[in-house]
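So you can see what is in the structure, the chains are spelled out below.
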Amino acid sequence: MDVAQQITRLNALWRNAQEPKLLWEEMQVIAQQAFAVQAEAMEALDRSEKTASSVAAVQSVFAAREQVWDIAGKIAAREQEIKEKTFKRGNP
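On a predicted model such as this, the values are computed, not experimentally measured, just so you know.

Cut-offs used in this document
Residues numbered from 1 in each chain as written. Predicted model: local features only at pLDDT ≥ 70, side-chain atom pairs only at ≥ 80, totals over all residues. Heavy atoms only, no water. Axes fitted to C-alpha atoms, helices over the stretch in contact; angles between N-to-C directions. Helix = DSSP H or I, 4+ residues; strand = E, 2+ residues; numbered from the N terminus. Parallel < 35°, antiparallel > 145°, perpendicular 65-115°, else oblique. Left-handed = near helix turned anticlockwise from the far one by under 90°. Contact = heavy atoms within 4.5 Å. Phe/Tyr/Trp six-rings, centres within 6.5 Å; stacked < 30°, edge-to-face > 60°. Buried < 20%, exposed > 50% of the residue type's maximum accessible area, 1.4 Å probe, protein only. Expected span 1.5 Å × (residues − 1). Core = buried A, V, L, I, M, F, W, Y, C linked by side-chain atoms within 4.5 Å. Polar contact = N/O pair within 3.5 Å; in protein donor to acceptor, adjacent residues only side chain to side chain.

Draft legend 1. Representation of the packing of helix 1 (residues 3-17) against helix 2 (residues 24-51). Across the interface, helix 1 lies against helix 2 with an axial gap of 10 Å and an inter-helix angle of 160 degrees. By the angle between their axes, helix 1 is roughly antiparallel relative to helix 2. Every pair of crossing elements has a handedness; the one defined by helix 1 and helix 2 is left-handed. Only Met27, Ile30, Gln33, Ala34, Val37, Gln38, Glu40, Ala41, Ala44 and Leu45 of helix 2 make contact with helix 1, whose side of the interface consists of Val3, Gln6, Arg9, Leu10, Leu13, Asn16 and Ala17.

Take a look at the structure:
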């Protein structure tokens with residue numbers, strides 16, 4: 001799977017994470033999948049960076065890497081938000 005497909009997959013996981021009635025257990029599954037995709041994407045980007053022969057290619061690798069980090073960061077923040085909402089005092 002190429003990096004563009006992995007970014008698309010991360011975006012789909014991010015859309016799923018935005019579900020308003022998402023349960024903590026469901027969010028954990030989404031986060032696990034997202035971080036597995038992130039790891040694959042980073043490995044592919046590392047390989048691409050090593051073989052890049054032009055400045056434009058290196059810039060494109062860095063742009064893709066930033067996209068992956070941004071999406072993974074959003075998913076992690078959403079996971080934390082759901083965890084806090086689920087485990088706050090007074091919730092059964």
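Following the structure, the description resumes.
Draft legend 2. Molecular detail of the packing of aromatic side chains. For the coordinates displayed, the defined rule picks out one aromatic pair. Ring centres of Trp24 and Phe87 lie 5.8 Å apart, and the angle between their planes is 80 degrees; on these two criteria the pair is classed as edge-to-face. With Trp24 in helix 2 and Phe87 in the segment after helix 3 (55-86), this pair connects stretches of sequence that are 63 residues apart. Given a relative accessible area of 12%, Trp24 falls into the buried group.

Draft legend 3. Examining helix 3 more closely. Under the 1.5 Å per step criterion, the end-to-end length of helix 3 is 46 Å for 32 residues, consistent within 8% with the ideal 46 Å. When helix 3 is considered as a whole, its buried residues turn out to be Val61, Ala64, Arg65, Val68, Ile71, Ala72, Ile75, Arg78 and Ile82. The inward-facing, buried residues of helix 3 contact helix 1 and helix 2.

Draft legend 4. Spatial organisation of the side chain of Gln38. When you line up the elements, Gln38 lands in helix 2. Residue classification places Gln38 among the buried residues on the basis of a relative accessible area of 16%. If we ignore the near neighbours within four places in the chain, the residues touching Gln38 are Leu10, Val68, Trp69 and Ala72.

Draft legend 5. Region of the structure containing the nonpolar core. Within the largest apolar cluster, 22 residues are counted, with the highest numbers of intra-cluster contacts made by Met27, Leu45, Val68 and Ile75. Going through the elements one at a time, helix 1, helix 2 and helix 3 are the ones with two or more residues in this core.

Draft legend 6. Geometry of the side chain of Gln6. Take Gln6: it is sitting in helix 1. A distance of 3.5 Å separates a polar atom in the side chain of Gln6 from a polar atom in the side chain of Glu40. Here Gln6 is in contact with Met1, Val37, Glu40, Ala41 and Ala44, once residues within four sequence places are set aside.

Draft legend 7. Layout of helix 2. Here helix 2 is 28 residues long and its end C-alpha atoms lie 41 Å apart, about the 40 Å a rise of 1.5 Å per residue gives. Where helix 2 is concerned, the buried positions are Trp24, Met27, Ile30, Ala31, Ala34, Val37, Gln38, Ala41, Met42, Ala44 and Leu45. In this structure, the buried residues of helix 2 make contact with helix 1 and helix 3.

Shape is all these values report; function is a separate question.
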